[in-house]
Amino acid sequence: MLTLSILAPLVAAILVWIFPSRNNYREDSGHKPNGWLMNVALIGSLIAMVASLLAASSFNGQSAEFQLHEVWFPAEGKAINWIFSVDGISIGLYLLTTILFPIGIYYSYASFLVNAKQGISPRREKLFWISLLFLEASVIGVFLAQNLITFYVFWEIMLVPMALLIGIWGGSDRKYATIKFFIYTFAGSVFLLVGMIALIYAQWSNGTNFDIGFALYQNAAQLPSHIQRYLFWAFILSFLIKIPAFPFHTWLPHAHTQAPTVGSIILAGVLLKLGTYGILRFSIPLFPEAANAYSELFMWVGAVAIVYGAWLAWSQDDLKKLIAYSSVSHMGYIVMGMFAGTANAIAGSYLQMINHGITTGLLFMLVGVVYDRVHTRDIAKFGGLAQKSPVFATIFLIATLSSVGLPGTNGFVGEFLILLGTFEANMLIGAIAVTGVIFGAVYMLQLYKAVFFGEPGEAIAHAKVSLHMNSREILLTVPFLVLIFWLGFKPDLVLSPVRASLEKIQFREIDRSFVAPKIGKAVPVEGHAEHH
Amino acid sequence: MENIFKFQDLILSAPQMILISGALLILLLQVILPGFRKLLAFYITLISLFASLYFVTFGIPGTAFYGLLSGNPEGGTAFQGNLRLNGYIQHYSFLILLALTIILFFIKRVFAEQKLELAEVYQFLLYIGAGSIFTVSANDLMTMYIGLELSSLPFFILAAWDRGRATATEAAVKYFFLSTIGIAFMLLGIALVYGGSGSTMLSEVFPVVFAEDSFSYKLLAAGWFLIIGGFLVKIAVVPFHGWVADVYDGAPSVITAAMASIVKISAVGAVFRILQFMQPDMHMILNTGIIIFAVASMVYGNMAPLNQNNLKRVFAYSSIAHAGYIITMFMFFPESFKAISLRTEASSALYFYILTYALTTILAFATIAYLENGEERGLTFDHLKGLSKKNPFAAFLLSVSALSFAGIPPLAGFFGKLFLLKVLLSAGYYYLAVVMIVTSLVGVYFYIRIVFYAYWDFEDENATSGMLPPFRGIFAWSAAIVTAVLVLGLGFYSESIFNFARVASELIQ
């Protein structure tokens, strides 16, 4: 099933490629989007989704081990094998990926249709679907790879389709954004490569085994602490750039504003999670000593990102840029929680990774919906949209509140657990981070007010097409809305299968001088797992 | 008197002999057949190459000539010990023949289109193949020299094959002079080695050990360094790189593909073999030089193309960088414990790297050759604008080769670099590994620029529409597809190839 979910998008990409259809390169050609191409792409990604759900149904959440091993290529050697498997750390993100991609693909088609009505034809459809499908396969590969080299292969190859998505179908400044995105993230991955090879060399006496599951976890912990620290820095730099955490966040707003809507959905929903996934998968378990030593530093990095990102978001006048900076702020929570290292904080970080994918994915999609109709993202030109399109306003409100972290939505549980865990670890940083919650509410609600209430703005008043969401778009938001409330009331859906894996990562014992409140089953207050 | 000519010798040098016979047959038929066709020459060449490839791969049953796949050949010597045959040499012969076959397919189509196709081209290709295999398999320095000359002379002619263009002539003259000077110094080196040790036979030079301050030792050292220097001119590392950009740019692109791949394969194979016949303590001095040359090549080769607009020059400069990566594998011959245990690793890492490098280079230059048309042959970044619309296949091929050069996984180039890095790090050359990574990161900029220019939309992309013909010809198509598939797929089998080459590397002598 795991292999199928990687191969299905690849096969679909090849089918799209050989599909008999003429390419269209011009926006004003009056060309209609080709539904068949989209169907092929959609079916490929749906097969991947079904396969991932089937795999999840046979996943044993009680175990922290790698499960469901599948050998893609016959093992030709010890060092580089093509074995795929999942454990608790990857299963949630794997499902998030396979669920987001079909939505993104169908949304793109819906967006093409809306644009085609206004005389804007989709350009180079084939390459568009192929890029998306390749992106899906490589992202899934990152989450499933059980070998360092395979992991790196997928980690790198993913840059190419993403760069094409931004560079060909992006906004007016797309070339600069693409180059910046590519060079920045590639530089980051090179650090990872150095770290990986150095890690292999450092534990050379144990054989050239690149397998994440067996050799690495056992052997890396025995490394001398100064080597652990060097390797830790090599790994973490790469992940910080990918996240992007505070000093390395400058590529993100450009990439987001210039990317096509589906690019933004995928970038915010999945690609940013790769960095935090890397921290959970490698940085902390491989080098626990170094992670412990630097935990305070990186909690500060996270806390600064929370506050600074929120401030920056507050002052933006571009819808997408605002949400991009809010992503910086939210990813700050996740980094802070991971390095707080308590059970609560790590569980919260994990949950928040999923939440952020859902909420921000939905927000970018909604921005795309309105952009397709008014062709501007300047907040000053909006206003009064709630009267024109009440359904849109309602859905946007739910997304906004989820982003702010209203109790009952998914955002609340994650943020609360992270902040709780951070307080357990370090009061001061916790106190600073809490202000981020307030700033978050400030900029999101201000955005909502500016866009939806007041006098109709220039763009809204002179809109040439109906501002109502069509049925396709409403349908596409349903999975997001369901997940927002489901995870808001029952975070265990995500947390219980992964608890065993996360406990292995936890590196800070809870200070017992005060009693942490119980949040459902999600919070193992006792130090060990509660298996029922 | 003992019969000095043995049939056994011909069997053991079968690939070279087949190639030379093919070349002579073409020469003969041109004289005696009045209506001699170019097509016939092409097929003779093709059959010779395929026959050689077959024998190199599977061996000749019932004789001492073992193939790559027929076990682990310890081989033997031929022509009174002048030629050596073993698994290591078979690997390089295979690579030379593979590269030559792919290039042959491209040349057929490209030269036909540019009206440059003459029967002599194929004859020269066969000489190049035979000479390159002689270079790798020589067991005597003079034989090695002759092999090198045999493979170089056709290149001087082929570089000027497009006679009408001044740059082609310039390229040929430059290549001729610089290459000849290199070979002249090498010849001087051979003379000095002979003066020092009394023999040019590799296996006889080595056992003679001299005190470090004796005159013979100094002669020997000077001789070896000159020989290595001569080869480094062929491999084109800084500071022996002066000719590269002009020659690669001026020569017809398919010939450039052959120059950049086959010459390097044979030179690298030969150097790695003869290095082990040097006195062990000379390697310490040599290693210092290699480190300097390697770092200089990496830095220069990755910085120089940054502001280049000519595509062939971009690849030419970047080939200097790759030469820099390649020669780092020459440092594992001192007699420290670590170096010895890493020598076979280095040998197979080098083999895999040169394999991926050769295929990628051929793909890049052959695609460029396809895109060139008409009077103006210089292909610039501006010509790439809109390439993915006008010629999607060429855009794909060019992107594959650029990404492989840049080291993006899972393309073959990434695994090549990975193995080099692994060997460097396990030997403790951390700074070299860091320089390699940082410089190749700089290189990613111009490689990825090729991909972006080919796939992005530009407003002025129709300005150059006349330049880009569609990809044509069944031979070129099949060669392009095979090469692209190899570049895309070799990575997945990198470890098998690495281990396979390691078995042979244990018998470099």
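Residues numbered from 1 in each chain as written. Chains lettered and ligands numbered in written order. Predicted model: local features only at pLDDT ≥ 70, side-chain atom pairs only at ≥ 80, totals over all residues. Heavy atoms only, no water.

Visitor: Help me get a handle on the environment of Gly436(A), residues and values and all.
Guide: By secondary structure assignment, the location of Gly436(A) is in helix α18 (residues 427–452). Contact partners of Gly436(A), with chain neighbours within four places excluded, come to Ile306(A) and Tyr333(A). (Helix = DSSP H or I, 4+ residues; strand = E, 2+ residues; numbered from the N terminus. Contact = heavy atoms within 4.5 Å.)

Visitor: Before we move on, can you summarise the packing of aromatic side chains with the specific residues and values?
Guide: On inspection of all chains with the given rule, the structure shows 72 aromatic pairs over all chains. Ring centres 6.1 Å apart and planes at 50° place the aromatic pair Phe84(A) and Phe154(A) in the tilted group. Of the two residues, Phe84(A) sits in strand β2 (residues 83–86) while Phe154(A) sits in helix α5 (residues 148–157), which places them 70 residues apart along the sequence. Judged on exposure class, the residue Phe84(A) and its partner Phe154(A) are both buried. An aromatic cluster of at least three residues, connected via ring pairs, comprises Phe156(B), Tyr175(B), Phe176(B), Phe177(B), Trp243(B), Tyr248(B), Phe315(B), Tyr357(B), Phe365(B), Phe405(B), Phe446(B) and Tyr447(B). The ring of Phe458(B) carries the charged tip of Lys175(A) above its face, separated from the ring centre by 4.1 Å. (Phe/Tyr/Trp six-rings, centres within 6.5 Å; stacked < 30°, edge-to-face > 60°. Buried < 20%, exposed > 50% of the residue type's maximum accessible area, 1.4 Å probe, protein only. Lys NZ or Arg CZ within 6 Å of the ring centre and 35° of its normal.)

Visitor: Mind laying out the nonpolar core, listing which residues take part and the relevant values?
Guide: Core analysis: the largest hydrophobic core is formed by 378 residues, its most contacted members being Trp129(A) and Trp224(B). Sort the elements by how many residues they give to this core and helix α14 (residues 337–371) of chain B lands first, with 21 residues. Core analysis: the second largest hydrophobic core is formed by nine residues, Leu12(B), Ala14(B), Ala78(B) and Leu83(B) among them. (Core = buried A, V, L, I, M, F, W, Y, C linked by side-chain atoms within 4.5 Å.)

Visitor: Can you lay out the pattern of salt bridges for me, pointing to particular residues and giving the numbers?
Guide: Following the criterion strictly, the structure yields 15 salt bridges over all chains and no others. One salt bridge in this structure joins Asp87(A) and Arg281(A), with 2.7 Å as the shortest N-O distance. You can see Asp87(A) sitting in the loop between β2 and α3 (88–117) and its partner Arg281(A) sitting in helix α11 (residues 261–286), a full 194 residues away along the chain. Classification of Asp87(A) by relative accessible area gives buried; the value is 3%. Between Asp246(B) and Arg313(B) there is a salt bridge whose closest N-O contact spans 2.6 Å. A residue pair is termed long-range when its members are at least 10 positions apart, and Asp246(B) in helix α10 (residues 244–250) and Arg313(B) in helix α13 (residues 311–327) qualify at 67 residues. On the accessibility criterion, Arg313(B) (18% relative accessible area) is buried. Salt bridges sharing common partners tie together Glu170(B), Lys174(B), Asp246(B), Asp249(B) and Arg313(B). (Salt bridge = Lys/Arg side-chain N within 4 Å of Asp/Glu carboxyl O.)

Visitor: Please provide a residue-by-residue account of the interface of chain A and chain B, values included.
Guide: Across the contact, 38 residues belong to chain A and 31 residues belong to chain B. Both faces combined, the contact of chain A with chain B buries some 3400 Å², and carbon together with sulfur accounts for 76% of it. Linking chain A with chain B are two salt bridges, by the criterion used here. The shortest N-O distance in the salt bridge between Asp457(B) and Arg124(A) comes to 2.9 Å. Scanning the region where chain A abuts chain B turns up five residue pairs in polar contact (both at pLDDT 80 or more). Looking at the side of chain A that touches chain B, the elements that each hand over two or more residues are α5, α6 (159–169) and α7 (174–202) of chain A. Among the elements that line the side of chain A that touches chain B, the one with the most residues is α7(A), at 14 residues. Along the lines of polarity and charge, the residues of the side of chain A that touches chain B split into 27 nonpolar, four polar and seven charged. (Buried area = accessible area lost by both parts, 1.4 Å probe. Polar contact = N/O pair within 3.5 Å; in protein donor to acceptor, adjacent residues only side chain to side chain. Nonpolar A, V, L, I, M, F, W, Y, C, P; charged D, E, K, R; others polar.)

Visitor: Let's hear about unusual backbone geometry: which residues, and what values?
Guide: In this model, Ile243(A) is joined to Pro244(A) through a cis peptide bond whose omega is -15°. With respect to the element layout, Pro244(A) can be found in the loop between α9 (225–242) and α10 (251–258).

Visitor: Lay out the confidence of the model for chain B in plain terms, naming residues and giving numbers.
Guide: Per-residue confidence for chain B gives a mean pLDDT of 87, with 94% of residues at or over 70. Within chain B, α13(B) carries the highest mean pLDDT (94), whereas helix α21 (residues 494–505) of chain B carries the lowest (77). (pLDDT = per-residue confidence, 0-100.)

Visitor: Account for the packing of helix α1 (residues 2–18) of chain A against helix α2 (residues 35–57) of chain A, with residues named and values stated.
Guide: Residue and element names in this part refer to chain A. Two elements in contact, α1 and α2, have axes whose closest approach is 8 Å; the angle formed by their N-to-C orientations is 175°. One way to sum up the angle between α1 and α2 is to call them roughly antiparallel. Facing Leu 2, Leu 4, Ser 5, Ala 8, Pro 9, Ala 12, Leu 15 and Val 16 of α1, the residues of α2 in contact are Leu 37, Val 40, Ala 41, Gly 44, Ile 47, Ala 48, Ala 51 and Ala 55. Of the residues that constitute the contact of α1 with α2, the class distribution is 14 nonpolar, two polar and no charged. (Axes fitted to C-alpha atoms, helices over the stretch in contact; angles between N-to-C directions. Parallel < 35°, antiparallel > 145°, perpendicular 65-115°, else oblique.)

Visitor: How would you sum up the packing of α3(A) against helix α21 (residues 492–505) of chain A? Please name residues and give values.
Guide: Residues and elements named next belong to chain A. Running from amino to carboxyl end, α3 crosses α21 at an angle of 130°, the nearest separation of the two axes being 7 Å. Overall, the two elements α3 and α21 adopt an arrangement that is oblique. Facing α3, whose interface residues are Gly 88, Ile 89 and Ile 91, α21 presents Pro 497, Val 498, Ser 501 and Ile 505. Residue composition of the contact of α3 with α21, by class: five nonpolar, two polar and no charged.

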